[in-house]
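Listed below are the residues making up each chain.
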Amino acid sequence: MSLITLGLKEAATKLKNKEISAVELTKATLDRIDERNGTINAYNVVCHDVAMKMAEESDKRIASGNAGLIEGVPIGMKDLFCTKGVSTTASSKILSNFVPPYESTVSGKLWNAGGVMMGKTNLDEFAMGSSNETSFTGKVLNPWDTTLTPGGSSGGSSAAVADFMCAGATGTDTGGSIRQPASFTGIVGIKPTYGRCSRYGIVAFASSLDQAGAMTRNVEDAALMLRAMSGHDPLDSTSASNPVEAWDETLNDFDPKGLKIGLPKEYFIEGLDPNIRKAVDDAVKRFTDAGAEVKEISLPHTKYAVPTYYIIAPAEAASNLSRYDGMRFGYRAEGENLAQTYSNSRSEGFGWEVKRRIMVGNYTLSSGYYDAYYIKAQKVRALIAQDFANAYKEVDVIFTPTAPSTAFKLGDKISDPIQMYLNDVFTVATSLAGLPGISVPAGLVEGLPVGLQIIGQAFGEEKLLQVAQAHEKMCGFQMRAPNATATAA
Amino acid sequence: MTSVYDQYEIVIGLEIHAQLTTKSKLFSGSSTEFGADPNTQTCPVDLGMPGVLPVLNTAAVDAAIKTGLALRAEVNKESVFARKNYFYPDLPKGYQISQFDKPIIGKGTLTIDLEDGTSRDIGVTRLHLEEDAGKSVHDFGADNVSHVDLNRAGIPLMEIVSEPDMRTPEEAGAYVRKMRAIVRFLGVCDGNMEQGSMRCDANVSVRKKGTTEFGTRTETKNLNSARNIQRAIAYEAMRQIDILEEGGEIVQETRLWDAQKNVTRSMRGKENAHDYRYFPCPDLLPVRFDDARIERNKQEMPELPDALKERFMNDYGLSAYDASVLSSSRATSDYYDAVVEGGKRDAKIAANWIMVELFGALNKQGKDIEESPVSPENMGKMLDLIADGTISGKIAKTVFEEMFDNGKDPEAVVEEKGLKQISDEGAIEKIIDDIIAANPKQVEQIKNGNDKLIGWFVGQTMQATKGKANPGIVNKLLNTKLRS
């Protein structure tokens, strides 16, 4: 039996039944990381000692019958979550020396549930990017084909899960940063409803959009992991008080018969890669064969989603990133005076993409432009949310492609920000509306995985996961094997 | 001859920052206590560390609601916190969480009481909640470094902005004193201007009397007492008038008051004004509450200075001036109410004793009424001793001094010092008879029409009784004996 291919729920069950121990599972996973991380670069930090200690404690709790929800399971933690006593860099030079004295709520919940921290996964700097190429700690390679991007910003997490360097990893999604990398690496990635998971202790990018989520190799694992991460947090005023349900236990209490699936016409426009279109159509057909109804819907403000997102997100980011000034923590480059110290620290500490967004954000917030950009964008955002609200009067869930392409070549888009931003075209609207979205593998195109995005209603994670589960069963997608070599055409 | 200054009118608007008395900070659980070692009252939220989030202290919201109600202002059931972005080492996040276009309190009114007993209504534009920044300490000595203390970072402030409704430095002083009285009555701010728990900025412009257009204004910062506010405004108005009279123009700018040199100095001009890039703070939900919350705060509010003043005038017949002095602080009005005991004692006599003797003695020692060695109970008892004739008003001053110096009970003072008034007519008559017998020459002069000498006999009698003889009886007996 290969320990590293065990899914999260599968591993948790075997651990609880004492078929395997947390220590042996952790050791096997750390060995896998040691073998593979030099190539893939999925982890910024590997926590050998911390992981072994946590595993030993997991085994004790299992022995005493006090196992948590994911007791003993190897977890990769996106390096955007503050972890007490463990380096947290956001893959930025400016935080390269930062060790938080506090724990993020979501990571704390996962450890309390018994998760074992393998390390901190790589990401685009401050989660700004769609290819994991803006990272100060270097790009991450896609395990399906190491010439390709694993997606971003949660590219370290997607690669770590797809390459069996953990059973599940956390991601954060501001405009698609969980779903797009999941699509590019053939895994499941869920961004829950805004407010489901606490943002406390997650290095902020765009506060009104940032949301943590789970990245795993199957839907059941995503449901279980998300359950462990979710819940109201008094430390986050925007966290929701909706009760957390046992999503992993109700996955199969569902029949596609009568399900109303919406296909937004604005997402299936001419120019969409026909292979990707086909993957979605095939998924829809399997549902209609099982008795679901399909309906074309309209989300008329879709075309404004990307520009709206690229006004709101940089504005919030510009303000959120002001605290990195070299004064109290993080990278500092002394200057002759205060202004120069600020300037040197930030010029040297931030990468180009981060600087670009800080400049855009400060521009759109500045007096004289604020109404034309920021206020207007907020109005459009409300219209986009209204589009979805209208659609959900007619349908239960919405199906779209997750991304306009399969994983693209590293280096292909990094010098063209507009091309890079357009990668978010199918995911940003959901983020702007605060709705839950999940990307599930829907087959291979030329040997590369393609994701189906299913968009749910606010706090409708139960239905969303059930539909994803039904899709997974009917689709029969085969995950790559740990020893598979690059297979791109 | 009228001065050129008399041809101008001063237009004044004030911004007051009042630090709230909440136990913890506006957005974190850190203590707000004053005087702790630098950076000991901080947490990751106050330090602006990555990923941490603000959580609103609802006690601050209640404090703002109460103050809004006291200012007869609109209480906005929905308000929004916004980020004010700028860089400074004592501003850890690179932005201050404040309120911008949707403050918690809207338009209101503050009634100020002037020395001549008249009152004026001054408009309040708005009141909003915001967090304080930290404190920078610059050491330009050998090390040439600056230190930052973030204990103050995140302490809740109310910023209260007035309309440009004041016309004299005295009105501005009265506005600040009244605002201070109100926040202290409410218990929402300790009003300590020296420690910086209340700070004031003054917007000042001048215009020719009879014109209605506003002149260019300047904003003077760093005003830490009602007296400095008046002096700074007076200086600034004269400076502006001098410029205009010389044909110059006023520059819109921020100025700093130098209390040592009694001048205002330019700090930064309009061209250096910050663009704060305000936008709603996405980490906080809009502040929403219902009428029940407002009603609960209303119930919790004590009687306020204006109501007290009116009650003192209506129930006790005090003058407007006396009533406003006695209602200027909770401690004073409580003291006065305790002495008068709902009208059991003569309210005007009580007011006189408190405002003249007690305030005089307290002022001499630099004490507040809270520290008065004479308790209201003892003050009341002393007034009773005067009223029932046990002591005279004159002896009472001696008794009061003894009470003030040693904190004694007035009855004990009277007993110990034998100050009890002699009202036994027979005993006084005997003393008077002895004095008359010993001074035949003076008696003769009175008989010849020199009435003034009766006073001399009163003096002799009082001297003989060490001032204890009941003056009414003494006068009556002497008049009978010497004039008939």
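What you see as residue numbers is a count from 1 along each chain, following the sequence as written. Following the order in which they are written, the chains are lettered starting with A and the ligands numbered starting with 1. Local features in a predicted model are, by the rule used here, given only for residues with pLDDT of at least 70; side-chain atom pairs are given and counted only at 80 or more, and totals for whole chains, interfaces and linings are based on all residues.

Trainee: What is the right way to read the overall build of chain A from this model?
Mentor: Elements are defined by DSSP. Helices are runs of H or I of four residues or more, strands are runs of E of two residues or more, and each kind is numbered from the N terminus. Helix and strand content of chain A: 15 helices and 11 strands. We take the radius of gyration over the C-alpha atoms and set the globule estimate at 2.2 Å times the residue count to the 0.38 power. A globule of 489 residues ought to have a C-alpha radius of gyration of about 23 Å, and chain A, at 21 Å, matches this closely. For the C-alpha atoms alone, the extent of chain A along its principal axes is close to 65 × 55 × 45 Å. Put simply, a residue is buried when 20 or more other C-beta atoms lie within 10 Å of its own C-beta and exposed when 12 or fewer do; between those, it is partly exposed, and each C-beta is set from the backbone. When burial is assessed residue by residue, chain A has 61% of its 489 residues classed as buried.

Trainee: Even after reading the chapter, I still don't get the overall build of chain B, so can you show me in this structure?
Mentor: Looking only at helices and strands, chain B has 15 helices and 15 strands in total. Against the globule reference of 23 Å for 484 residues, chain B gives a C-alpha radius of gyration of 30 Å, more extended than a compact globule. By principal-axis analysis of the C-alpha atoms, chain B measures approximately 95 × 55 × 55 Å. Relative to its 484 residues, chain B shows a buried fraction of 41%.

Trainee: I tried to follow the pairing of strand S13 (residues 263–269) of chain B on my own but got confused; where do I start?
Mentor: Within a regular strand, side chains alternate between the sheet's two faces. Residue and element names in this part refer to chain B. Here, any two strands with at least 2 DSSP bridges between them count as paired. Bridge count for strand S12 (residues 253–258) against S13 is 6 bridges, and the pairing is antiparallel. For Thr 254, the partnering residue across the bridge sits in S13 and is Arg 268. Between S12 and S13, which pair antiparallel and follow one another directly, the connecting turn spans 4 residues, one of which, Asn 262, has a positive phi of 60 degrees.

Trainee: It is not clear to me how the interface of chain A and chain B should be interpreted in this structure. Could you clarify?
Mentor: The contact criterion used here is simple: two residues whose C-beta atoms, placed from the backbone, lie within 7 Å are in contact. Taken together, the contact between chain A and chain B spans 35 residues of the former and 25 residues of the latter. Elements with a minimum of two residues in the side of chain A that touches chain B: helix H9 (305–320), helix H10 (338–349) and helix H11 (352–365) of chain A. Broken down by element, the residue count for the side of chain A that touches chain B peaks at 3 residues, all from H9 of chain A. Under the convention adopted here, Pro, Cys and the residues Ala, Val, Leu, Ile, Met, Phe, Trp and Tyr are nonpolar, Asp, Glu, Lys and Arg are charged, and Gly plus all remaining residues are polar. Across the side of chain A that touches chain B, the residue classes tally to 18 nonpolar, 11 polar and 6 charged.

Trainee: What am I meant to see in the packing of helix H14 (residues 453–464) of chain B against helix H15 (residues 471–483) of chain B here?
Mentor: When two helices pack together, you describe them by how their axes are tilted relative to each other and by the distance separating the axes. Residue and element names in this part refer to chain B. Here an angle of 0 to 180 degrees is reported between the N-to-C directions of two axes, which are lines fitted to C-alpha atoms, with helices fitted over the stretch in contact. For the pair H14 and H15, interaxial distance at closest approach is 10 Å and the crossing angle is 130 degrees. As judged from the angle between their axes, H14 and H15 are oblique. Helix-helix and strand crossings are classified by hand; for H14 and H15 the assignment is right-handed. Facing Ile 454, Phe 457, Val 458 and Thr 461 of H14, the residues of H15 in contact are Val 474, Asn 475, Leu 478, Asn 479 and Leu 482. A breakdown of the residues in the contact of H14 with H15 according to their chemical character gives 6 nonpolar, 3 polar and no charged. Should an angle lie under 35 degrees it is considered roughly parallel, over 145 roughly antiparallel, and from 65 to 115 roughly perpendicular; all remaining angles are considered oblique. Crossings are classed by handedness, with left-handed meaning an anticlockwise turn of the near helix from the far one by less than a right angle and right-handed meaning a clockwise turn.

Trainee: So what exactly am I meant to see when it comes to the domain arrangement of chain B here?
Mentor: Often the size quoted for an interface is simply the accessible area lost on bringing the parts together. Residues and elements named next belong to chain B. Each domain's limits were defined by an automated method or a database of domain assignments. Along its sequence, chain B is carved into domain 1 (4–295), domain 2 (302–417) and domain 3 (425–483). Once you take the C-alpha centre of each, domain 2 and domain 3 turn out to be 34 Å apart. The partner domain 3 presents 4 residues to the 4 residues of domain 2 that form the contact. When the residues that make up the side of domain 2 that touches domain 3 are grouped by side-chain class, the tally is 1 nonpolar, 2 polar and 1 charged.

Trainee: Please clarify how the packing of helix H7 (residues 330–340) of chain B against helix H8 (residues 347–365) of chain B should be interpreted in this entry.
Mentor: All names here are of chain B. At a minimum axis separation of 10 Å, H7 and H8 run at an interaxial angle of 135 degrees. Taken together, the axis directions place H7 and H8 in an arrangement best described as oblique. Between H7 and H8 lies a crossing of right-handed hand. Along the contact surface, H7 presents Tyr 335, Tyr 336, Val 339 and Val 340, while H8 presents Ala 347, Ala 350, Ala 351 and Ile 354. The residue makeup of the contact of H7 with H8, split by class, is 8 nonpolar, no polar and no charged.

Trainee: Sorry, what's going on with the sheet that holds strand S1 (residues 43–46) of chain A here?
Mentor: Through backbone hydrogen bonds, the strands of a sheet pair up, either in parallel or in antiparallel fashion. Residues and elements named next belong to chain A. Taken in spatial order, the 11 strands make up an open sheet running S1-S3-S2-S4-S6-S5-S10-S11-S9-S7-S8, and their pairing is mixed. The outermost strands of the open sheet, each flanked by one partner alone, are S1 and strand S8 (293–297). Along the sheet, successive strands turn relative to each other by an average axial angle of 30 degrees, direction set aside. Relative to strand S4 (residues 168–173), strand S2 (residues 74–78) runs parallel, the two sharing 2 bridges. Of the residues in S4, the one forming a bridge with Ile 75 is Gly 168. Along the sheet face, helix H15 (residues 461–475) touches strand S9 (397–401), strand S10 (437–445) and strand S11 (448–455) and points at about 10 degrees away from the line of S10.

Trainee: Help me understand the nonpolar core, please; the structure alone is not making it clear to me.
Mentor: Side chains of nonpolar character tend, in soluble globular proteins, to be buried together. By size, the foremost hydrophobic cluster in this structure holds 207 residues, and its most contacted members are Met 118 and Ile 454 of chain A together with Tyr 175 and Ala 202 of chain B. Of all hydrophobic cores here, the second largest spans 33 residues; its members include Tyr 316, Ala 351, Leu 383 and Val 413 of chain B. Joined through C-beta atoms within 7 Å, a set of buried Ala, Val, Leu, Ile, Met, Phe, Trp, Tyr and Cys residues constitutes a nonpolar core.

Trainee: So what exactly am I meant to see when it comes to the environment of Tyr 363 of chain A here?
Mentor: Looking at the element boundaries, Tyr 363 of chain A is found in helix H11. Along the chain, Tyr 363 of chain A and Ala 318 of chain A lie 45 residues apart, while their C-alpha atoms are 9.4 Å from each other.

Trainee: Help me understand unusual backbone geometry in this model?
Mentor: Where the residue is not glycine, phi is negative for most of them; where a peptide bond is considered, it is trans in most cases. A cis amide bond links Gly 152 of chain A with the next residue in sequence, Ser 153 of chain A, at an omega value of 5 degrees. Tracing the backbone through its elements, the reader meets Ser 153 of chain A in the loop between strand S3 (116–121) and helix H5 (155–162). For Asn 41 of chain A, which is not glycine, the phi dihedral falls at a positive 60 degrees. Not every positive phi belongs to a glycine, and Glu 341 of chain B is a case in point at roughly 50 degrees. Within the fold, Glu 341 of chain B resides in the loop between H7 and H8.

Trainee: Please explain the sheet that holds strand S10 (residues 198–208) of chain B as it appears in this structure.
Mentor: All names here are of chain B. With mixed pairing, the 8 strands of this open sheet are ordered in space as S5-S6-S9-S1-S10-S11-S12-S13. Of all strands in the sheet, those with a lone pairing partner are strand S5 (108–113) and S13, marking the two edges. The mean angle between the axes of side-by-side strands here comes to 30 degrees, regardless of whether they run parallel or antiparallel. Sheet analysis places strand S1 (residues 8–19) next to S10, joined by 11 bridges and oriented antiparallel. From the neighbouring strand, Tyr 8 faces S10, where its bridge partner is Lys 208. Strands in contact with helix H1 (residues 58–70) are S5, strand S6 (119–131) and strand S9 (156–162); relative to S6, the strand with the most contacts, it is inclined by about 170 degrees.

Trainee: Just to check I follow, could you spell out H15 of chain B for this structure?
Mentor: Within an α-helix, residues lying three or four positions from one another point in the same direction, as the helix has 3.6 residues per turn. Residues and elements named next belong to chain B. Multiply 1.5 Å by the residue count of a helix minus one, and that product is the helix's expected span. The terminal C-alpha atoms of H15 lie 18 Å apart, and with 13 residues this matches the ideal 18 Å at 1.5 Å per residue to within 8%. Within H15 the residues assigned to the buried category are Ile 473, Val 474 and Leu 478. Taken around the axis of H15, the buried residues stretch over an arc of 120 degrees, which confines them to a single face. The exposed residues of H15 that point more than 90 degrees off its buried face are Gly 472, Thr 480 and Arg 483. Where H15 is buried, its residues contact helix H12 (425–438) and H14. Arc definition: directions from the helix axis to the C-beta atoms.

Trainee: Looking at this structure, I do not really get the pairing of S6 of chain B. What am I missing?
Mentor: Residues and elements named next belong to chain B. Direction of pairing for S5 relative to S6: antiparallel, over a ladder of 6 bridges. Within S6, the position partnered with Thr 111 by the bridge is Asp 121. Looking at chain direction, S6 and S9 are connected through 7 bridges and run antiparallel. Along S9, the bridge assignment pairs Glu 130 with Leu 157.

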